[in-house]
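# Structural characterization, general
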Amino acid sequence: MNVVNTDLVIKARGLSKNFGNLAAVSDLDLDVPRAMIYGFLGPNGSGKSTTIRMLCGLLTPSSGSAVVLGTEVPGDTEALKPRIGYMTQKFSLYGDLTCIENLRFIADIYSYPREKKAARINELIHKYDLTAQVHQFTGTLSGGEKQRLALACAVLHKPELLFLDEPTSAVDPKSRRDFWASLFELVEMGTTILVSTHYMDEAERCHRLAILDHGTKVADGTPTDLQASTGMTVIEVLADNPARAQALIKRLPDVTSVTQLGLKLRVLIPNTTPEPLSLVTTMLSEHDIHASTEEVPASLEDVFVAVTQKKRAPETSE
Amino acid sequence: MNSLGRLFAVMGKELRQLRRDRLTFAMIVGIPIMQILLFGYAINTDVRNLKSAIADQAGTHLSRQFISDLKQTQVLDFQYVVETPMEIEELLRTGRISAGVYIPYDFDRRVIDGNRFAAHLLVDGADPTIVGVANQLRSMRVTFDTWEAPSESAGTLEVRPFYNPDQRSAVYVVPGLIGIILTFTMMLFTAVSIVRERELGNLELLINTPVRTIELMVGKVVPYIVIGLVQLGLIVAVGQLLFNVPLRGSFVDLYLAASVFIAANLALGLFVSTIVKTQFQAIQATIFMIMPSILITGFIFPFDGMPKIIQYIGEILPNTHFIRMTRGIMLRDASLGDMASELLILVVFTFVAMTAAILRFSKRLD
Ligand SMILES: Nc1ncnc2c1ncn2[C@@H]1O[C@H](COP(=O)(O)OP(=O)(O)OP(=O)(O)O)[C@@H](O)[C@H]1O
Ligand SMILES: [Mg+2]
């Protein structure tokens, strides 16, 4: 299924957007191949929505440009509209219309063939498990139901390229799995999906991934590549006094970050530091803390912490 | 073909939303009825039952006859009977009465001499309408002055009918009121329409679909034309039922003129909607636009009586032209052909406002 395709659906160069003095997106290069799930991972305000809006032609870039499905952006993006689907971060269907009325409206707006319309809507209602909500006003749907309906509306006209802006922020873990299963189905049929998220487990499912921080792309690649090339040693520490252990490890000048995950501490130390494991064990035993330490492979979260820290470090020294 | 499909999709959506919006739906019917009742009864230039006082120092047969005639006009309602003109003044000053009649002790003498005022009418000069009434009442005294001598025919004394059935104000007010009501409701509905979609977030989805601006704009306007025409029917019917407002001209002419006028207001409302940022601003803008539509279109003050500069501004407002047409059609049995230029101005206005709205609206967020 994962045929590597050099055919680029999105190719952006130096894409930037300023709101007054704020650089919401700066100098972003992006290559999204066809029939892939491309993830945008980034904290709040990192410019994910802004980038998606620029790629759809809803916002004019301050500088830079992109080619989306062969169409120049900025440019005449109207030609693009029938070929893309966009699921907004905020629910944007009509709350005072029922599910089926919203679906019909979207079908008509996209001029979906009349004779196939009813069948297509029926198919989507079943696929996205909205049978019980067909005649419910969408304003009264639960968060997860809203997002399933929004996805159904975004894919109704079978777009080649699908933008999903944090599509699962209100979805429970079980539904999230189903949601992603349906995304993979779409990809298999040739759809390219660009999805933004804060969730690491979702990021891991993407074929490729770009990590954004403060409007800048700080890393991109496949999840495995990113994990392999963090430039960090990851040490897991199981200590009898995790809070004190954390405080002590933080004092070590070479440590990039210490995070507590349950009883365990996760310590990131740059590869350039010699003997990272003994550095930690010495510090802890000097202060009479019993701990077991272990070097583990980097997770995507570690990658995220590593790249976002790297960028912030010079800022704080200024 | 696709374009028509999208247009119908937008129209259908607007109608559905409107049907669900109970308050707006109630307003469509409620505003015209409420306004016509308010204006029909309150804007009343044929003033009656003014609270008044009477000081009859003469106390003769003739003076009592005169008072009785005054009462019959129904203009004055003598709630206070006092002794001196000073008391009348006091009542006027404290605002308890709007008019007072003082009949001096030599009333009979004065009437017979005919070269002096026989009686005094004291009025609250602060209210121009009441002053107008007072001037009407003066003509009654003239009848007295030229009257030869007191006789038994005094009981049949001719008193001018101040309540002139042919000048009933409701008849004059209702045709103008149609324009006011339509301006208000039509502008309000469309002024909030786009900005509401923006506020609720629907717009971000909508502008990312293939729908064209013109389809969106026309689709939002057309359902309201129908609603406006329903309102028109309602006002004409209530006007006829309660105030005997005639429709002397052609029904078709009236509906044709109204259709164009409604379109003009809807286009203006859409234009406002592309400028304002919130629904609250949209409502403020509508109120800002409605004031001149009431004041300088000839609805309340005669158009020709206004300063030239105000008249020029008035000519820009659709309501000015519509009021001329409705008064013509409803009261004077004029045809649209007689007033083609008024209609043409409205057509041009609609076209300009709609174009401006389409140009202002961009399928972008910045
Ligand atoms: N219209 C606007 N005017 C001014 N600033 C804006 C505008 N839109 C976005 N921003 C700013 O640009 C930055 C990036 O916003 P954006 O919505 O792209 O972030 P995001 O990555 O989508 O965040 P989140 O995960 O919270 O959705 C933020 O700091 C935001 O405040
Ligand atoms: Mg966002």
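Bear in mind the structure is a predicted one, so any value in this text is a computation, not a measurement.

Analysis parameters
- Residues numbered from 1 in each chain as written.
- Chains lettered and ligands numbered in written order.
- Predicted model: local features only at pLDDT ≥ 70, side-chain atom pairs only at ≥ 80, totals over all residues.
- Heavy atoms only, no water.
- Near = heavy atom within 4 Å.
- Polar contact = N/O pair within 3.5 Å; in protein donor to acceptor, adjacent residues only side chain to side chain.
- Helix = DSSP H or I, 4+ residues; strand = E, 2+ residues; numbered from the N terminus.
- Contact = heavy atoms within 4.5 Å.
- Buried area = accessible area lost by both parts, 1.4 Å probe.
- Donors = N, O, S within 2.8 Å, 3.2 Å for Na, K, Ca; no water.
- Buried < 20%, exposed > 50% of the residue type's maximum accessible area, 1.4 Å probe, protein only.
- Pairing = 2+ DSSP bridges.
- Axes fitted to C-alpha atoms, helices over the stretch in contact; angles between N-to-C directions.
- Parallel < 35°, antiparallel > 145°, perpendicular 65-115°, else oblique.
- Left-handed = near helix turned anticlockwise from the far one by under 90°.
- Salt bridge = Lys/Arg side-chain N within 4 Å of Asp/Glu carboxyl O.
- pLDDT = per-residue confidence, 0-100.
- Nonpolar A, V, L, I, M, F, W, Y, C, P; charged D, E, K, R; others polar.
- Phe/Tyr/Trp six-rings, centres within 6.5 Å; stacked < 30°, edge-to-face > 60°.
- Lys NZ or Arg CZ within 6 Å of the ring centre and 35° of its normal.

All names here are of chain A. Taken together, 14 residues form the shell around ligand 1, and within it Lys48, Ser49, Thr50, Gln89 and Glu166 come nearest. Backbone polar atom of Gly47 to an oxygen atom of ligand 1: 3.0 Å apart, as the coordinates give it. Between Ser49 and ligand 1, the recorded distance is 2.7 Å, taken from a side-chain N or O atom to an oxygen atom. Elements represented by at least two residues in the shell around ligand 1 include exactly strand 2 (22–33) and helix 1 (48–56).

Contacts between the two partners involve 31 residues from chain A, matched on the other side by 25 residues from chain B. Both faces combined, the contact of chain A with chain B buries some 2600 Å², and carbon together with sulfur accounts for 53% of it. Interface area lost by chain A to chain B is led by Leu58, Tyr94 and Ile109 of chain A, which between them contribute 25%. Inspection of the region where chain A meets chain B yields 16 residue pairs in polar contact (both at pLDDT 80 or more). Looking at the side of chain A that touches chain B, the elements with two or more residues in it are helix 1, strand 6 (84–87) and helix 2 (99–109) of chain A. Broken down by element, the residue count for the side of chain A that touches chain B peaks at five residues, all from helix 2 of chain A.

What follows covers the coordination of the magnesium ion (ligand 2). Residues and elements named next belong to chain A. For the magnesium ion (ligand 2), the full set of protein donor atoms is Ser49 (OG) and Gln89 (OE1), and the range of their distances to it is 1.9 to 2.1 Å. Here Gln89 lies in the loop between strand 6 and helix 2 and Ser49 lies in helix 1, a separation of 40 residues in the sequence. On the accessibility criterion, Ser49 (15% relative accessible area) is buried.

Here we take up the sheet that holds strand 1 (residues 8–19) of chain A. In a beta sheet, neighbouring strands are held together by backbone hydrogen bonds and run either parallel or antiparallel to one another. Residue and element names in this part refer to chain A. Read from one edge to the other, the open sheet built from four strands follows the order 2-1-4-5, with strand pairing classed as antiparallel. Both outer strands of the open sheet, strand 2 and strand 5 (71–73), are each paired with one neighbouring strand and no more. Between one strand axis and the next, the sheet turns by 15 degrees as a mean value, whatever way the strands run. As paired strands, strand 1 and strand 4 (residues 63–68) are joined by five bridges and run antiparallel to one another. Among the inter-strand pairings, Arg13 is bridged to a residue of strand 4, identified as Ser65. Of the strands in this sheet, strand 1, strand 2, strand 4 and strand 5 touch helix 1, which is tilted by about 120 degrees from strand 1.

Attention now moves to the side chain of Thr50 of chain A. Position of Thr50 of chain A among the secondary structure elements: in helix 1. The contact partners of Thr50 of chain A, leaving out residues within four places of it in the chain, are Lys17, Phe19, Ala24, Val25 and Leu59 of chain A.

What follows is about the packing of helix 9 (residues 213–243) of chain B against helix 14 (residues 340–360) of chain B. The relative placement of two packed helices comes down to the angle between their axes together with the axis-to-axis distance. All names here are of chain B. Orientation of helix 9 relative to helix 14, taken along the N-to-C sense of each, is 130 degrees, at an axis distance of 9 Å. Judged by the angle between their axes, helix 9 and helix 14 are oblique. Read as a crossing pair, helix 9 and helix 14 show a hand that is right-handed. Side by side, helix 9 and helix 14 meet where Thr213, Ile214, Met217, Val218 and Val221 of the first sit next to Met354, Ala357 and Ile358 of the second.

Throughout the structure, instances matching the rule amount to 29 salt bridges over all chains. The partner of Arg16 of chain B in a salt bridge is Glu101 of chain A, and the shortest N-O contact between them spans 3.1 Å. In this pair, Arg16 of chain B is assigned in helix 1 (residues 2–20) and Glu101 of chain A in helix 2, connecting two distinct chains. A residue is classified by how much of its surface remains accessible, and Arg16 of chain B, at 31% relative accessible area, is partly exposed. Across the pair Glu197 of chain B and Lys13 of chain B runs a salt bridge whose closest N-O atoms are separated by 2.5 Å. Taken together, the positions of Glu197 of chain B in helix 7 (residues 169–200) and Lys13 of chain B in helix 1 put the pair 184 residues apart, joining distant regions of the chain.

Glancing now at the confidence of the model for chain B. When pLDDT is averaged along chain B, the result is 82; 85% of the residues meet or exceed 70. The complex model carries a pTM of 0.80, and its ipTM stands at 0.84.

Below, the discussion takes up the confidence of the model for chain A. Averaged over all residues, the pLDDT of chain A is 90; the fraction at 70 or higher stands at 95%. Considering only residues more than four positions removed or in separate chains, one finds that residues 1–5 of chain A, a stretch of pLDDT under 50, has seven contacts.

Residues and elements named next belong to chain B. In contact at an axis separation of 4 Å, helix 12 (residues 308–316) and helix 13 (residues 318–331) are set at 85 degrees when each is read in the N-to-C sense. For the element pair helix 12 / helix 13, the angle class is roughly perpendicular. Where helix 12 approaches helix 13, its residues Gly314, Glu315 and Ile316 are matched on the opposing element by Pro318, Thr320, His321 and Arg324. Looking at the contact of helix 12 with helix 13 residue by residue, the class counts come to two nonpolar, three polar and two charged.

Here the distance between the centres and the angle between the planes together describe a pair of aromatic rings. Enumeration according to the criterion identifies seven aromatic pairs over all chains in this entry. Ring geometry for Phe251 of chain B versus Tyr255 of chain B: centroids 4.9 Å apart, planes at 35 degrees, classification tilted. Here Phe251 of chain B and its partner Tyr255 of chain B are both found in helix 10 (residues 251–275), four residues apart, which amounts to about one turn of the helix. The lysine or arginine in question, Lys146 of chain A, covers the ring of Phe91 of chain A, its NZ or CZ lying 5.5 Å from the ring centre. For Arg176 of chain A, the ring lying beneath its charged end belongs to Tyr199 of chain A, and the centroid distance is 4.0 Å.

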